[in-house]
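Structural features, examined
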Amino acid sequence: AQTVTQSQPEMSVQEAETVTLSCTYDTSENNYYLFWYKQPPSRQMILVIRQEAYKQQNATENRFSVNFQKAAKSFSLKISDSQLGDTAMYFCAFNAGNMLTFGGGTRLMVKP
Amino acid sequence: NAGVTQTPKFQVLKTGQSMTLQCAQDMNHEYMSWYRQDPGMGLRLIHYSVGAGITDQGEVPNGYNVSRSTTEDFPLRLLSAAPSQTSVYFCASMLSSGVDEQFFGPGTRLTVL
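Here's a quick rundown of the structure. Remember, predicted model here, so these are calculated numbers, not experimental data.

Calculation criteria
- Per chain, the residues get numbers from 1 upward, laid out in the order the sequence is written.
- A letter from A marks each chain and a number from 1 marks each ligand, given out in the order of writing.
- pLDDT decides what is reported in this predicted model: residues at 70 or higher carry local features, side-chain atom pairs at 80 or more are listed and counted, and totals for whole chains, interfaces and linings draw on all residues regardless.
- Side-chain numbers come from the whole structure's heavy atoms, not from hydrogens or water.
- A helix here means a DSSP run of H or I that spans at least four residues, while a strand means a run of E at least two residues long, and both kinds are numbered starting from the N terminus.
- Only C-alpha atoms enter the radius of gyration; for comparison, a globular chain is expected to reach 2.2 Å times N to the power 0.38, where N is the number of residues.
- Any residue under 20% of the maximum accessible area for its type is buried, any over 50% is exposed, and the rest in between are partly exposed; the area is computed with a 1.4 Å probe on protein chains only.
- Throughout, a residue-residue contact means that at least one pair of heavy atoms, one from each residue, lies within 4.5 Å.
- Areas reported here follow the Shrake-Rupley algorithm with a probe of radius 1.4 Å; residue values treat only the protein chains shown as occluding.
- As used throughout, the charge tally considers Lys and Arg to be positive and Asp and Glu to be negative, leaving His and the chain termini uncounted.
- The location of each charge is read from NZ of Lys, CZ of Arg, CG of Asp or CD of Glu.
- We define buried area as the total accessible area lost by two parts upon association, computed with a 1.4 Å probe and summed across both.
- The rule for a salt bridge is simple: a side-chain nitrogen of Lys or Arg has to be within 4 Å of a carboxyl oxygen of Asp or Glu.
- Here a polar contact is taken to be a pair of N or O atoms separated by no more than 3.5 Å, where protein atoms must pair a possible hydrogen donor with a possible acceptor and residues adjacent in sequence count only if both atoms sit in side chains.
- Think of it as three bins: nonpolar holds Ala, Val, Leu, Ile, Met, Phe, Trp, Tyr, Cys and Pro, charged holds Asp, Glu, Lys and Arg, and polar takes everything else, Gly as well.
- For this analysis, a ring pair means two rings from Phe, Tyr or Trp (six-membered ring only for Trp) whose centres lie within 6.5 Å, classed as stacked if their planes differ by under 30 degrees, edge-to-face if by over 60, and tilted for the remaining angles.

**As for the overall build of chain B**
- The secondary structure content of chain B amounts to zero helices and eleven strands.
- Whereas a compact globule of 113 residues would reach a radius of gyration of roughly 13 Å, chain B reaches 13 Å, a difference of no more than 12%.
- For chain B, the spread of C-alpha atoms along the three principal axes comes to 35 × 25 × 25 Å.
- Here chain B holds 113 residues, and 48% of them are scored as buried.
- A sequence separation of at least 24 residues applies to 54% of the contacts in chain B between residues at least 6 apart.
- Summed over all atoms, the accessible surface of chain B reaches about 5,000 Å², with 51% contributed by carbon and sulfur.
- Counting 7 positive and 9 negative side-chain charges, chain B places the centres of these two groups 14 Å from one another.

**Overview of the interface of chain B and chain A**
- Each partner contributes residues to the interface: chain B has 29 residues there, and chain A has 18 residues.
- Taken together, the two surfaces of chain B and chain A that pack against each other cover about 1,800 Å², and 52% of this comes from carbon and sulfur.
- At the boundary of chain B and chain A, one finds zero salt bridges.
- At the boundary of chain B and chain A, one finds six residue pairs in polar contact (both at pLDDT 80 or more).
- Broken down by secondary-structure element, the contributors of at least two residues to the side of chain B that touches chain A are β4 (31-37), β5 (43-51), β9 (87-94) and β11 (108-112) of chain B.
- With four residues, β5(B) is the largest single contributor of residues to the side of chain B that touches chain A.
- For the side of chain B that touches chain A, the residue count by class is 14 nonpolar, ten polar and five charged.

**Structural notes on the packing of aromatic side chains**
Residues and elements named next belong to chain A.
- As enumerated under the stated definition, the model contains 16 aromatic pairs over all chains in all.
- Between Y25 and F94, the ring centres sit 5.8 Å apart and the planes meet at 35°, which makes this aromatic pair tilted. Of this pair, Y25 sits in strand β4 (residues 24-26) while F94 sits in strand β10 (residues 88-95), placing them 69 residues apart in sequence. Of the two residues, Y25 and F94, neither departs from the other in class, the shared state being buried.
- Between F91 and F102, the ring centres sit 6.3 Å apart and the planes meet at 85°, which makes this aromatic pair edge-to-face.

Put into structure tokens, the structure is as follows:
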């Protein structure tokens, strides 16, 4: 069974600064995908970014980028130029087939 | 294109009552799934389906039934509600099982008294 751990229950960052959210996972699979989802107060789940395990290059989507360390089983999310609209819960998730496994989440507050 | 829709948005039940949470998608996705989200926790998979007529259990299936008679619909049934089933329920779909992006519905907040 896969497990996903997010060790930071809450974080805060000043507007326009950079913040990094941590995620580690445990699996015996070699081929898998990793995701970061954002859940704003509206509770809608929104995909932020995804990473294929077979790709060495870290994924980037505008202000969002990941640091994927396969050997260390680490998958952190960096948010640059933080905006007030980034305030939300962020979930790391793992998928090696039919089951998406989520971490417990990190609540991010962006302060003006 | 409505995406993934769920009804109702809110529901209050008494212990022992039954109900069905509805989920539909109009993207012709083969894979559909149900998750529950408890306070301070991530989403946990209840049941999933890789196509019409095929369902399987996820991490927390006890107390829930599902069926998939059409590609579009994937209802979740609570046969005898318990307070431990108080949660927010999300339905999701993706094109096929594996590693595609899952699209989530808006969620149903269920309270069991």
